[in-house]
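Fold and contact review
Next come the chains, spelled out residue by residue.
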Amino acid sequence: MKKYNLLFLLFFAIANQALGQGILKEIKNGYLDQLSQGQIILKVNAAHFENGYARNLVNPSTDEVLNNISVGYIFHDALTLGVSSMNSHVDIREYGVEPVHNGITLYSRNIFLEYSIFSANRFDSVDVLNSYPILRNIYFSISRPFGKIRVHNFSENQSIRIGFGLRYKIFKRFNADINYNRLLDAEINQGHSKGILSLGFGIILF
C-alpha cells in the first residue's frame, strides 16, 4: 500500500510540475506578453459643458484641473482601463427652490473603462469607416465612482455614468479627446441625467 502511495505522490509531483510549467507558459504568452504591448495614457479634461454650465478647468487660478485627471492602460489600441480623479455630484432640488447645480459631492474617484467600438478587423469592410477613418476612434465609456466624500445614501452603482467619446491623434503621442457622458440611473438626480460634454487632451506616456 505504501508503495502505491509513493508512486501516486511521485506521479502527482511530476504531473503538477509539468502542468504548472504549462500554465505559467500560457499565462506568459497569452497575458503578460500582451500587457507589455499596451500603453499608458494621461488624460486631462480642459472644459466641461453641463446643463448650461460651462467650466474652464485649466484656469491657473484654480486647482480644479486636479479633479479632472485620468490615467489609463490601453490594451491593443482598443480597450482602456484606468482611474480618474473626477468627482461625482448630484443637484439639490427642493420644492419651490431653484436647483443648486452640483449641490452635493458624492465621490472623489472613478474607475473607468473605454472601448473603441470600431477597432476590430471585422469592420474593415464597412465603407463609411474607410471613407471617414476618424470614426474608428469612437469609443464607448462607463465609469463607476468610489471614495465617498461625505455621509449620504447614494451608492456607487447609482452614480455610474455611461457615454461615448472620440479620441483623435494629433501628434505622435498627443491626442485630442471629446466625450459625452450621463448618469445611467437618472433617478439619483430626480430624473435629470446630468449630461456632461467634455473637451480635453491625452498624452501617451509610454
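One can find the structure itself at the top, above this paragraph.
Below or above, wherever it landed, is the structure these notes cover. (Residues numbered from 1 in each chain as written. Predicted model: local features only at pLDDT ≥ 70, side-chain atom pairs only at ≥ 80, totals over all residues. Heavy atoms only, no water.)

Comments concerning the overall build of the chain
The cut-off we apply is this: Helical segments are the DSSP runs of H or I of at least four residues, strand segments are the runs of E of at least two, and each set is numbered from the N terminus. Summary of the burial criterion: residues with accessible area below 20% of their type's maximum are buried, those above 50% are exposed, and those between are partly exposed, where the area comes from a 1.4 Å probe applied to protein chains only. Contact definition: two residues touch when any of their heavy atoms are within 4.5 Å. Residue exposure ignores everything except the shown protein chains as possible cover, and the areas themselves are Shrake-Rupley values with a 1.4 Å probe.
A count of helical and extended segments in the chain gives two helices and 10 strands. Counting from the amino terminus, the chain carries its helices and strands in the arrangement α-β-β-β-β-β-β-α-β-β-β-β. A buried classification covers 30% of the 206 residues belonging to the chain. Summarising the internal contacts of the chain: among those between residues at least 6 apart in sequence, 57% fall at separations of at least 24. For the chain, the accessible area works out to roughly 13,400 Å², and carbon and sulfur atoms hold 63% of it.

A closer look at the packing of aromatic side chains
Let me state the cut-off plainly: Each aromatic pair joins two rings of Phe, Tyr and Trp (for Trp, the six-membered one) with centres within 6.5 Å, and gets the label stacked for planes under 30 degrees apart, edge-to-face for over 60, and tilted for any other angle.
Applying the stated rule across the entire model yields five aromatic pairs. Ring centres of Phe171 and Phe174 lie 6.2 Å apart, and the angle between their planes is 50°; this geometry places the pair in the tilted category. The class for Phe174 is partly exposed, based on a relative accessible area of 29%. An aromatic cluster of three or more residues is present, and its members are Phe171, Phe174 and Phe201.

Some points on unusual backbone geometry
Positive phi values are uncommon outside glycine, yet Asn102 reaches one of about 50°. Within the secondary structure, Asn102 sits in strand S6 (residues 100-116). Residue classification places Asn102 among the buried residues on the basis of a relative accessible area of 16%. For Gln190, which is not glycine, the phi dihedral falls at a positive 55°. Mapped onto the elements, Gln190 comes out in the loop between strand S9 (174-183) and strand S10 (196-204).

A word on the pairing of S9
This is how it is decided: At least two bridges found by DSSP between two strands is the condition for calling them paired.
Relative to S9, strand S8 (residues 161-169) runs antiparallel, the two sharing nine bridges. By the bridge assignment for S9, Leu166 is matched with Ile178. Examined bridge by bridge, S9 and S10 share eight bridges and lie antiparallel to one another. The residue bridging Ile178 from the neighbouring strand is Leu199, located in S10.

Here's the deal with the environment of His48
So the rule is basically this: The term polar contact refers here to a pair of N or O atoms within 3.5 Å; inside protein, the definition further demands a hydrogen-donor-capable atom paired with an acceptor-capable atom, and it admits residues adjacent in sequence only when both atoms are side-chain atoms.
Mapped onto the elements, His48 comes out in strand S1 (residues 39-50). Taking the C-alpha atoms as reference points, His48 and Leu199, separated by 151 residues in sequence, lie 6.6 Å from one another. A distance of 2.8 Å separates a polar atom in the side chain of His48 from a polar atom in the side chain of Asn68. For His48, the side chain forms a polar contact with the side chain of Ser198, separated by 2.6 Å.

Describing a nonpolar patch on the surface
Inclusion rule: Patch building starts from residues that exceed 30% relative accessible area and form no salt bridge, then joins like charges within 9 Å and nonpolar side chains (Val, Leu, Ile, Met, Phe, Trp, Tyr) within 5 Å. Note on definitions: salt bridges are taken to be side-chain nitrogens of Lys or Arg within 4 Å of carboxyl oxygens of Asp or Glu.
Taken together, the side chains of Val128, Tyr132, Ile134, Tyr168, Ile170 and Phe171 present a nonpolar region at the surface, about 620 Å² in accessible area. Note on placement: Tyr132 falls in the loop between helix H2 (127-131) and strand S7 (138-148).

Notes on the nonpolar core
When a protein is soluble and globular, its nonpolar side chains tend to lie buried together. Rules: We define a nonpolar core as any set of buried Ala, Val, Leu, Ile, Met, Phe, Trp, Tyr and Cys residues linked to one another through side-chain atoms lying within 4.5 Å.
With six residues, the main nonpolar core is built from Val90, Ile104, Leu106, Tyr107, Leu183 and Ile188. Ranked by residue count, the leading element in this core is S6, at three residues.

So, the layout of surface pockets
With a probe scaled to a water molecule rolled over the atoms, the places where space remains empty come into view. Threshold: The method works on a 1 Å grid over the protein atoms by themselves. A cavity is a set of points holding a 1.4 Å probe that cannot get out, a pocket is an open set with protein on both sides within 12 Å along at least five of seven lines, and residues with an atom within 4 Å of a point line them. Grid points are joined across faces, edges and corners, and a volume is the space filled by probe spheres set on the points.
Taken as a whole, the largest pocket spans an internal volume of roughly 530 Å³. What lines the largest pocket is a set of 35 residues, and nearest its centre among them are Met86, Asn87, Arg161, Asn181 and Ile196. Counting only elements with at least two residues in the lining of the largest pocket, the list comes to S1, strand S5 (88-92), S6, S7, S8, S9 and S10. No other element matches S6, which puts six residues into the lining of the largest pocket. Here the second largest pocket defines a volume of roughly 440 Å³.

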